[in-house]
Structure formats: structure tokens, C-alpha cells
Amino acid sequence: MASLKICSQSSKQWASLSSIVFTPTASYSTEVNINSRMSAFRRGTGGRSSFNGVVATVFGANGHLGSVVCNKLGNTGTQLVLPYRGDFYDVAPLKMCGDLGQVYFTPYNLKDENSIRKALKHSNLVINVVGREWETRNFSFEDIYVKGPRTIARIAKECGVERMIHVSALNATEKPEPLMLKEGSKFLSAKWRGELAVREEFPEAVIFRPSDIYGSEDRFVTYYAAFWRRQGAGMPLWKKGEHTIKQPVCVGDVAQGILNAARNIDTNGQIYQAIGPKRYQLGELVDYFFRVMRKDKEWGYYRYDLRYAPLFWLKVNLTTKLPGWPIANLGWEKLEREHVTDCVDNSLPTLEDLGVTLTRIEDRAPWLLKMYRAHNYYDEELGEFEKPAPPPIVA
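As the structure is a computational prediction, the values presented were derived from the model and not from experiment.

Cut-off values and rules
Residues numbered from 1 in each chain as written. Predicted model: local features only at pLDDT ≥ 70, side-chain atom pairs only at ≥ 80, totals over all residues. Heavy atoms only, no water. Helix = DSSP H or I, 4+ residues; strand = E, 2+ residues; numbered from the N terminus. Buried < 20%, exposed > 50% of the residue type's maximum accessible area, 1.4 Å probe, protein only. Contact = heavy atoms within 4.5 Å. Areas by Shrake-Rupley, 256 points an atom, 1.4 Å probe, with all protein chains shown as cover. Phe/Tyr/Trp six-rings, centres within 6.5 Å; stacked < 30°, edge-to-face > 60°. Lys NZ or Arg CZ within 6 Å of the ring centre and 35° of its normal. Polar contact = N/O pair within 3.5 Å; in protein donor to acceptor, adjacent residues only side chain to side chain.

Turning our attention to the overall build of the protein chain. Secondary structure assignment for the protein chain yields ten helices and 15 strands. The buried share of the protein chain, taken over its 395 residues, is 53%. Contacts spanning at least 24 positions in sequence make up 77% of the contacts within the protein chain whose residues lie at least 6 apart. Carbon and sulfur atoms provide 52% of the accessible area of the protein chain, an area that totals close to 18900 Å².

Here we come to the packing of aromatic side chains. Scanning the model with the defined rule gives 18 aromatic pairs in all. Taking 6.1 Å as the distance between ring centres and 90° as the angle between the ring planes, the aromatic pair formed by Phe220 and Phe289 counts as edge-to-face. On the criterion of sequence distance, the pair formed by Phe220 in the loop between strand S9 (213-214) and helix H5 (221-225) and Phe289 in helix H7 (residues 282-292) is long-range, its members being 69 residues apart. By relative accessible area, Phe220 is classed as buried at 3%. A centroid spacing of 4.9 Å and a plane angle of 65° characterise the contact between Trp313 and Trp332, whose relative ring orientation is edge-to-face. With Trp313 in helix H8 (residues 310-321) and Trp332 in helix H9 (residues 332-338), this residue pair connects regions lying 19 residues apart in the sequence. A relative accessible area of 16% means that Trp332 is categorised as buried. One aromatic cluster in this structure is built from Phe220, Tyr223, Tyr224, Tyr288 and Phe289. Of note, Lys334 hangs over the ring of Tyr223, and the distance from its end group to the ring centre comes to 4.7 Å.

What follows covers the environment of Lys246. Of note, Lys246 is situated in strand S11 (residues 245-246). C-alpha separation for the pair Lys246 and Asp342, spaced 96 residues apart in sequence, amounts to 5.4 Å. Here Glu338 takes part through its backbone oxygen, which lies 3.4 Å from a polar atom of the side chain of Lys246.

Here it is, written out as C-alpha cells:
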């Protein structure tokens, strides 16, 4: 007969870590056998239909970044434990990230320690990608980015999890410089405190600081394409976006960096800046998005100063008071954060140090914005529209 055995063995190697495996046995006992080595249960060459000996718990698995991370982990034969909130059917498609029997789901609440412990007790790798761009009456930024990560890191240590990867934000700082909000971005401040909390509980944790992430169903490229973000044909940006520099990064590049860091134990305790290959002025970048959408000046598009847009301010105030999901993710916190210039610390490693080949936004934006194009029934291959000029690069 076959029964479920839970095996745990400490090791510094990626291929020899704790896991849940099915092994043939004559008894029906589920007793823990700590003498078994996981290398004995590894099967295959390391692909999707293999088991590489790693069991990873991914918090925030159904998010924009989390889903891509799960897909890359599953492709290397990693067993996945995916905690979820709400309806199971929201995360059910992630079952396809791994082979049969490699993906497990468990309900959890960020404020319920028992549910977090249940999600971590059989894992040797934990990845925290939990994120929300606005506060709710149930979860503040302090709950999401400080208390939650601290709890996960502490319980991970108690459960014997060997490695932890925590995703923060590029411009996280103790006291963000205010633009529109009196005290600056609460999001970036909470991210900073969250890093310190994780370090206190799990000193060898690997921290990633991504810039604005773009990709399918993102909140950067499609955010500016949404009709609710603009005012008619006009796009309001703080000081016309001429004083803000951005270095956006592709979601696949960040996920690959996380995978490469998980494979290499030498990354323990490191902080990686997940940034794209080029820097752009925000105003020029948004202009490029509208050129790709065939909504340039001939369509009526223009860019103006957010400081002198009273009707847009009124719309933002209205949006923040509506219940539920903010329309187009629009809110004062989002506006504050999108106009913060990306500050890169040259003393810290980047994704390129992890062996990641970075993707240019010009190579992805046409595909991401295809559904937003005007005259979408015209095919670009017929040459009826000029290829949009790429945005100028800032040195």
C-alpha cells in the first residue's frame, strides 16, 4: 500500500530539502521519519514532470508577480504550497503550474498564525509576494507590509524553513519625500519597515526591490491606458511628468531573478534591485504608450500638469470614496507613488547579477496595449500606420 509520509532533512543544497512525498510502505502510519534523505525521492531531470526536492510556499501566488513566479517554480519540478484568501476558484488555474500532485492549496489569513503555520510546516522555501496598492478597512499598509511579513518570517523560522525571499519596493524609504500627500507615500514607508521586520525575524532572507512592474494584466502600462486615468483626451501628470524618471521592469525578469536566487544559497542576506535596462522620463514614456495605441496628437491626446486639474482631483476624491475595487486602481496613494523618481543604489546588485537578460519595454508594450488601440481592425503589417517612435532614454 502507499501512504503519505512527511520527511524533513536539513541541507544546504537545492536538491536535498524537506518535502511531502508519497512512498511505498506496508504500514498505514504517517509518522515522521527524519532519517530519510530527500535526494532519494528526487525524480527526473529537473523539468516540470520532475521533483527537485524543493517545497515552496508562495504567499500572494495569485497576484501579478506571484502567478509568474509559481509558473517558473513549477517548470523546474518544485512542489508548490499556495495559500489563498477568498474563493478557491480564484487560484484554481495555478494548478496548471506544476505536474499532477505537485501543487497544493490551503486557505489562510494574514492575521491568523495557525493558517500560516499550516502553510509553512512542510516547506523549505517561502516566498512572500503579498501586495495591495490601496488600504481597506480590514487591511492597512501596516498589516500588509509590516505585520504580515514579520509573522511569516517568524513562523518560517519556527517551522525550520531554510530559505526566505521577500519582495519589497525599489523606492522604499523611511521618510518618503511628499509630493501630493502631506506625509508622502504610506506604501513606500510601510515597505521600508517591512524589510526591517523581515530582517529581524529571518536575517538571511533575500530581499527584492522591484521598480514598476509591467506585463500582462499589469498596473503600469495598462494603468495609463485606462480611460479613467485620463481626463477626456488629456493625461494629467505631476509637473507634466517632466521631473519624474522611471526604470520599469518586466514581470518575467523579476520572476526569473527570484527563481535564480532561490537556486543559489550564496544569495542569502542579499538585497537585489529589480530594475529594467533603461531609464525614461515619465511624460515621454506615457506619450509613447499613446503612440502605440494610435492615440497621439491627431487623436486629441495631450499631456498637462496635474497640479492644475481641479476636475481630475474631484474624480480622484470620488474614486477613493467608492466601495470595492478602485476604478482603474486610481487613488491618491497611487498618484503619489507613480511620480516618485526611481532611485538606484549602485552599491547593490541587480537582476543582471543573477544572470537575468533584461527585457526592453519597447519590445512588450505593443502587445500589451494591442487591445487599447484605436482603429484596431487595421493590421500593422499592411503599413497603414507608422511604427511608433520609442521613448527617449535618460542617461
